[in-house]
Amino acid sequence: MSIAFQMAVAEAGEDVPILPRDRVVAYNATHLAYHGAERFTNVRPASELADLRVNARLSARRARSARALRLAHALTLGLVPAWERHEWTLVTTVTEQGGKQLARFEHSEAIVTWHQLLLTLAYPFAPPPGVAARCVLDLNRSAIQQGVAKGIF
């Protein structure tokens, strides 16, 4: 199996640059899902030949609380809460070596992060490590499970 991975991030309807760290985390989580499935003898990068080819396209949309709420959050030093929402959609296309499409799966998930001064005591300064990676890993596992159910993998 070979995997081609693509990622795009949009905020307020416009594409935004992807941080290299975010791309590496999502890429590694995708490959880890296929390695960990223990259904494939080899999992390779897209440039190598394989019996099955997977094209995984991860789209992320970011949304934030209203500008006025973010301003109030900043001016009150975090007493007024603010939030961020990251919506992840993974579209997985499975093709055979000849290019014939065997299946297409689409899965979505969302991560919502709240920011507030009183939450800092329970949730200091940053989201728990690996939340985004586990989200991408779970999206890929869902695609693998759906492929197994359809008899593709």
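Residues numbered from 1 in each chain as written. Predicted model: local features only at pLDDT ≥ 70, side-chain atom pairs only at ≥ 80, totals over all residues. Heavy atoms only, no water.

Right, let's get into the packing of helix 1 (residues 20–36) against helix 3 (residues 131–149). As a packed pair, helix 1 and helix 3 sit with axes 8 Å apart at the nearest point and diverge in direction by 40 degrees. The hand of the helix 1/helix 3 crossing is right-handed. Only A133, V136, L137, N140, R141 and I144 of helix 3 make contact with helix 1, whose side of the interface consists of V25, A26, A29, T30, L32, A33 and Y34. Within the contact of helix 1 with helix 3, the residues separate by chemical class into ten nonpolar, two polar and one charged. (Axes fitted to C-alpha atoms, helices over the stretch in contact; angles between N-to-C directions. Helix = DSSP H or I, 4+ residues; strand = E, 2+ residues; numbered from the N terminus. Left-handed = near helix turned anticlockwise from the far one by under 90°. Contact = heavy atoms within 4.5 Å. Nonpolar A, V, L, I, M, F, W, Y, C, P; charged D, E, K, R; others polar.)

Our focus in this paragraph is a nonpolar patch on the surface. A cluster of nonpolar residues, V112, W114 and L119, forms a patch on the protein surface that exposes about 270 Å² of accessible area. In this structure, W114 sits in strand 6 (residues 101–115). (Patch = residues over 30% accessible without salt bridge, like charges linked within 9 Å, V, L, I, M, F, W, Y side chains within 5 Å. Areas by Shrake-Rupley, 256 points an atom, 1.4 Å probe, with all protein chains shown as cover. Salt bridge = Lys/Arg side-chain N within 4 Å of Asp/Glu carboxyl O.)

Attention shifts here to the nonpolar core. One recurring pattern in soluble globular proteins is that nonpolar side chains are buried together. Within the largest apolar cluster, 31 residues are counted, with the highest numbers of intra-cluster contacts made by M1, M7, Y34, L58, W88, V94 and F153. Listed by contribution, the elements that provide at least two residues to this core are strand 1 (2–11), helix 1, strand 4 (52–64), strand 5 (82–96), strand 6 and helix 3. The biggest single contributor to this core is helix 3, with six residues. Setting aside anything within four residues of it in sequence, one finds M7 in contact with I18, D22, R23, A26, L58 and W88. (Core = buried A, V, L, I, M, F, W, Y, C linked by side-chain atoms within 4.5 Å. Buried < 20%, exposed > 50% of the residue type's maximum accessible area, 1.4 Å probe, protein only.)

In this section: the pattern of salt bridges. This model, assessed by the stated rule, comprises seven salt bridges. Residues D138 and R141 are paired through a salt bridge, measuring 3.6 Å at the closest nitrogen-oxygen approach. Pair noted here: D138 and R141 are both in helix 3, with a separation of three residues, about one helical turn. D138 gets classed as partly exposed once you look at its relative accessible area, which sits at 42%. Several salt bridges converge on common partners, so that one network encompasses E11, R62 and R64.

These figures capture arrangement, not role.
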